[in-house]
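Structure assessment
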Amino acid sequence: MSTTENITTRSLSSMKRKAEKICMLTAYDFQTARILDASGIDCILVGDSAAMVFGGHETTLPITVDEMLYHVKAVNRGRKRALLIADLPFLSYRVSEEDAIRNAGRMLKEGGANAVKLEGGKELVPLVKKLTGMGIPVMGHIGMTPQSVNQFGGFKLQGKGVPSAARIAEEAISLEEAGCFALVLEKI
């Protein structure tokens, strides 16, 4: 992809079809976003990992929507062309559909993000369909999902056995069919 044209979810689909490499890194601040964008990076993720990296927490769980918005806005000011993806934090999208729509919308409207990222599998299919139907691009996140750290008993490898690996593959297909433009596959 040219380093002068803006990257969109459609750009990523085109790059995938052409077997071009797609590069995504995480940023939480203006300066890092400027450096990444100037390097020609395709996507910048503002992860809820800011809770750990910036906030010194043991997990991603404590970060709030407003704290995420602060980081998304800073990164947005530092990038010109990279696709900006905002991670929706714990309890910001699973409590109710209304909360999910409001919080995802805030990331785009107030934060300047181009898309949001949600952690979870098949249970998110109706929400992904709803958000994408409203014009909010969604990136999925399966495998080791940090927001489920307490359920997993730590940041542990997922998909070790055949049934677990098959479940992850089924989740990937379900999320793609629901409209996710990309997936994060963590620690599988």
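The structure we're discussing is the one just above.
All values derive from a computational prediction rather than experimental measurement. (Residues numbered from 1 in each chain as written. Predicted model: local features only at pLDDT ≥ 70, side-chain atom pairs only at ≥ 80, totals over all residues. Heavy atoms only, no water.)

1. Observations regarding the environment of Leu12
- The topology assignment puts Leu12 in helix H1 (residues 9-17).
- By relative accessible area, which is 6% here, Leu12 ends up buried.
- Once residues lying within four places of it in the same chain are set aside, the contact partners of Leu12 are Ile7, Ile22, Asp42, Cys43, Leu83 and Phe181. (Helix = DSSP H or I, 4+ residues; strand = E, 2+ residues; numbered from the N terminus. Buried < 20%, exposed > 50% of the residue type's maximum accessible area, 1.4 Å probe, protein only. Contact = heavy atoms within 4.5 Å.)

2. Remarks on the pairing of strand E4 (residues 115-119)
- By the criterion of burial, E4 is predominantly enclosed, with five of the five residues buried.
- Neither face of E4 is open: one carries Ala115, Lys117 and Glu119, the other Val116 and Leu118, and all of them are buried.
- Where strand E3 (residues 83-87) lies against E4, three bridges are found, and the strand directions are parallel. Its bridge partner lying in E4, Asp87 is registered against Lys117.
- By the bridge criterion, four bridges tie E4 to strand E5 (residues 138-143) in an arrangement that is parallel. Residue pairing for E5: Lys117 is matched across the bridge by Met139.
- For the segment spanning E4, helix H6 (residues 125-133) and E5, crossover handedness is right-handed. (Pairing = 2+ DSSP bridges. Right-handed = clockwise from strand over helix to strand, strands pointing away.)

3. Notes on the nonpolar core
- Ile44, Met107, Val116, Leu118 and Val128 are the most contacted members of the largest nonpolar core, which has 39 residues in total.
- Examining the composition of this core, we find that five residues originate from one element, helix H4 (residues 65-78), more than from any other.
- Residues contacting Val116, with those up to four places away along its chain left out, are Ile85, Ala86, Leu88, Ala104, Met107, Leu108, Ile136, Pro137, Val138 and Met139.
- Counting residues in hydrophobic clusters, the runner-up holds ten residues, among them Cys43, Leu45, Met139 and Val184. (Core = buried A, V, L, I, M, F, W, Y, C linked by side-chain atoms within 4.5 Å.)

Take it as geometry only, folks, not as evidence of what the structure does.
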